[in-house]
Amino acid sequence: MEFTAKQIAEYIGGRVEGDGNAAVTAFAKIEEAHKGDLTFLSNPKYSHYLYGTEASIVLVDSKIEVEKPVEATLILVDNAYECVAKLLQLYAAASAPKKKGVDSLAFVSPSAKVDETAYVGAFAYVGDGVTIGKGTQVHPHAVIEDGASVGDGCILYPNVTIYHGCKLGNNVIVHSGAVIGADGFGFAPDANGYEKIPQIGIVTIEDNVEIGANTCVDRSTMGSTIIKKGVKLDNLIQIAHNVEVGENTVMSAQVGIAGSTKVGSWCMFGGQVGLAGHITIGDKTQLGAQSGVPGNIKGGQTLIGTPPMEPKAYFRSQAIFRRLPELYKEINELKKQVEELKNK
């Protein structure tokens, strides 16, 4: 598909500088682009690439000053990164049209209700009483167990497993290998070992959630583990039983959240953040990578470390920590000198 600079600018609300009829058919990084490619510049650190890029069109943040002539056509926008995301969504939708119907090699229970506009791929399994909404795409080898429901416009990629009774809203994307609704980690110790506590709850995933590959969201002991609308979970994340994740929160890979913890809305967690169980994290909390959180956190803070602290305090502490062997040696020398003075 081909789009001109003028068409793109009208779609994203930008201003063209250069040839409005310049056309593109593909996307590329600014340093690798060629004629016919669209690229973007949102970080001033990469401004030097603008003057040598071979791209036909460049989306540029209006806050970035263009200091020299540029061969490419520019489209000035308030947020180039956000605009390119919209264009990529449009491109993806056009290049990968949705399929319809149930593949002859899929198994769909007679009691399941699959919308006629939905797609169920080869070797997928759809259990008793399952409902699948309009336009939803269930890729090959995905499993949706008895009584589960999947809303409209969802995508379940190959080898996704949705356990019995779990509920997915509309426009939910679940990537390969993710497991929704496995048993929460509940065991009661006794004289003979550990007695399993049945996990009789479900998982509820609201609208517009995306869940990365091999991420696990466990079912609750009772009630529901809840992932609220707009949440984005990266690959390899563990969400334990009875956790609640607030709206529009995002988490990077390998985050782990222990049972019954409540995470607020619009939070951002870096990779390998770990949260203890039965705590509350306030809205708009930002946690740096590998932060370990043992207790409650009030909202609106940016923290890092274990236990988490403000970034300036954390980096000052790390600078001191690196000097501990030297400081330990100095303290021992001072102790010796003090003892000598006492003896005199």
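Since this is a predicted model, take the numbers as computed values, not measurements. (Residues numbered from 1 in each chain as written. Predicted model: local features only at pLDDT ≥ 70, side-chain atom pairs only at ≥ 80, totals over all residues. Heavy atoms only, no water.)

### What to know about helix α3 (residues 311-322)
- An ideal rise of 1.5 Å per residue puts 16 Å on 12 residues; α3 measures up with 17 Å between its terminal C-alpha atoms.
- Of all the 12 residues making up α3, 1 are buried; the element is thus mostly uncovered. (Helix = DSSP H or I, 4+ residues; strand = E, 2+ residues; numbered from the N terminus. Expected span 1.5 Å × (residues − 1). Buried < 20%, exposed > 50% of the residue type's maximum accessible area, 1.4 Å probe, protein only.)

### Things to note about the sheet that holds strand β5 (residues 37-41)
- If you trace the 5 strands from one edge of the open sheet to the other, you get β2-β7-β6-β5-β4, paired in mixed fashion. Two strands close off the open sheet at either side, each with one partner strand: β2 (15-17) and β4 (26-27).
- One ladder, built from 4 bridges, connects β5 with strand β6 (residues 57-61); its direction is parallel. In the strand pairing of β6, Thr-39 is matched with Val-58.
- Against the sheet, helix α2 (residues 80-95) makes contact with β4, β5, β6 and β7 (73-77), and its axis sits at roughly 140 degrees relative to β6, the strand it touches most. (Pairing = 2+ DSSP bridges. Contact = heavy atoms within 4.5 Å. Axes fitted to C-alpha atoms, helices over the stretch in contact; angles between N-to-C directions.)

### Description of the pairing of strand β24 (residues 202-205)
- Examined bridge by bridge, strand β19 (residues 167-168) and β24 share 2 bridges and lie parallel to one another. Note that in β24 the partner of Lys-167 across the bridge is Thr-204.
- The pairing of β24 with strand β27 (residues 224-227) spans 4 bridges and is parallel. The residue bridging Thr-204 from the neighbouring strand is Ile-226, located in β27.

### Some words on the packing of aromatic side chains
- Evaluation of the coordinates by the stated rule reveals 6 aromatic pairs.
- With a centroid separation of 5.3 Å and an interplanar angle of 15 degrees, the aromatic rings of Phe-107 and Tyr-125 are classed as stacked. Of the two residues, Phe-107 sits in strand β9 (residues 107-108) while Tyr-125 sits in strand β12 (residues 125-126), which places them 18 residues apart along the sequence.
- Look at Tyr-125 and you get partly exposed, because its relative accessible area is 33%.
- One Lys or Arg, Lys-68, reaches over the ring of Tyr-51 and ends 4.8 Å from the middle of that ring. (Phe/Tyr/Trp six-rings, centres within 6.5 Å; stacked < 30°, edge-to-face > 60°. Lys NZ or Arg CZ within 6 Å of the ring centre and 35° of its normal.)

### Let's talk about the pattern of salt bridges
- Scanning all chains against the criterion turns up 9 salt bridges.
- With a closest N to O distance of 3.7 Å, Lys-29 and Glu-31 form a salt bridge.
- Under the relative-accessibility criterion, Lys-29 is labelled partly exposed at 47%.
- For Lys-262, the salt bridge identified is with Glu-244, shortest N-O distance 3.7 Å. In this pair, Lys-262 is assigned in strand β33 (residues 262-263) and Glu-244 in strand β30 (residues 244-245), connecting sequence segments 18 residues apart.
- For Glu-244, a relative accessible area of 22% translates into the label partly exposed.
- Residues joined in a network through salt bridges with shared partners are Lys-29, Glu-31 and Glu-32. (Salt bridge = Lys/Arg side-chain N within 4 Å of Asp/Glu carboxyl O.)

### Digging into the sheet that holds strand β20 (residues 173-174)
- The strand order across the open sheet formed by 11 strands is β8-β11-β14-β17-β20-β25-β28-β31-β34-β37-β39, and the pairing between neighbours is parallel. Each of the sheet's edge strands pairs with one partner strand only, and the pair in question is β8 (101-102) and β39 (302-303).
- Note: strand β14 (residues 137-138) against strand β17 (residues 155-156), 2 bridges, orientation parallel. Considered in β17, the bridge of Val-138 is made with Leu-156.

### A word on the side chain of Thr-39
- Within the secondary structure, Thr-39 sits in strand β5.
- For Thr-39, a relative accessible area of 1% puts it in the buried group.
- Engagement of the side chain of Thr-39 in a polar contact is seen with the backbone nitrogen of Ile-30, the distance being 3.0 Å.
- Those residues in contact with Thr-39 that lie beyond four places of it in its chain are Ala-28, Lys-29, Ile-30, Thr-53, Ala-55, Ile-57, Val-58 and Leu-59. (Polar contact = N/O pair within 3.5 Å; in protein donor to acceptor, adjacent residues only side chain to side chain.)

### Considerations on unusual backbone geometry
- Here the bond from Thr-306 into Pro-307 is cis, since omega is -10 degrees, no more than 30 degrees from zero.
- Its location among the elements puts Pro-307 in the loop between β39 and α3.
- The phi dihedral of Asn-171 is positive, around 60 degrees, even though this residue is not glycine.
- With respect to the secondary-structure elements, Asn-171 resides in the loop between β19 and β20.
- Residue classification places Asn-171 among the partly exposed residues on the basis of a relative accessible area of 40%.
- Phi is positive for Trp-266, close to 55 degrees, though the residue is something other than glycine.
- Summarising the element assignment, Trp-266 is placed in the loop between β33 and β34 (268-269).

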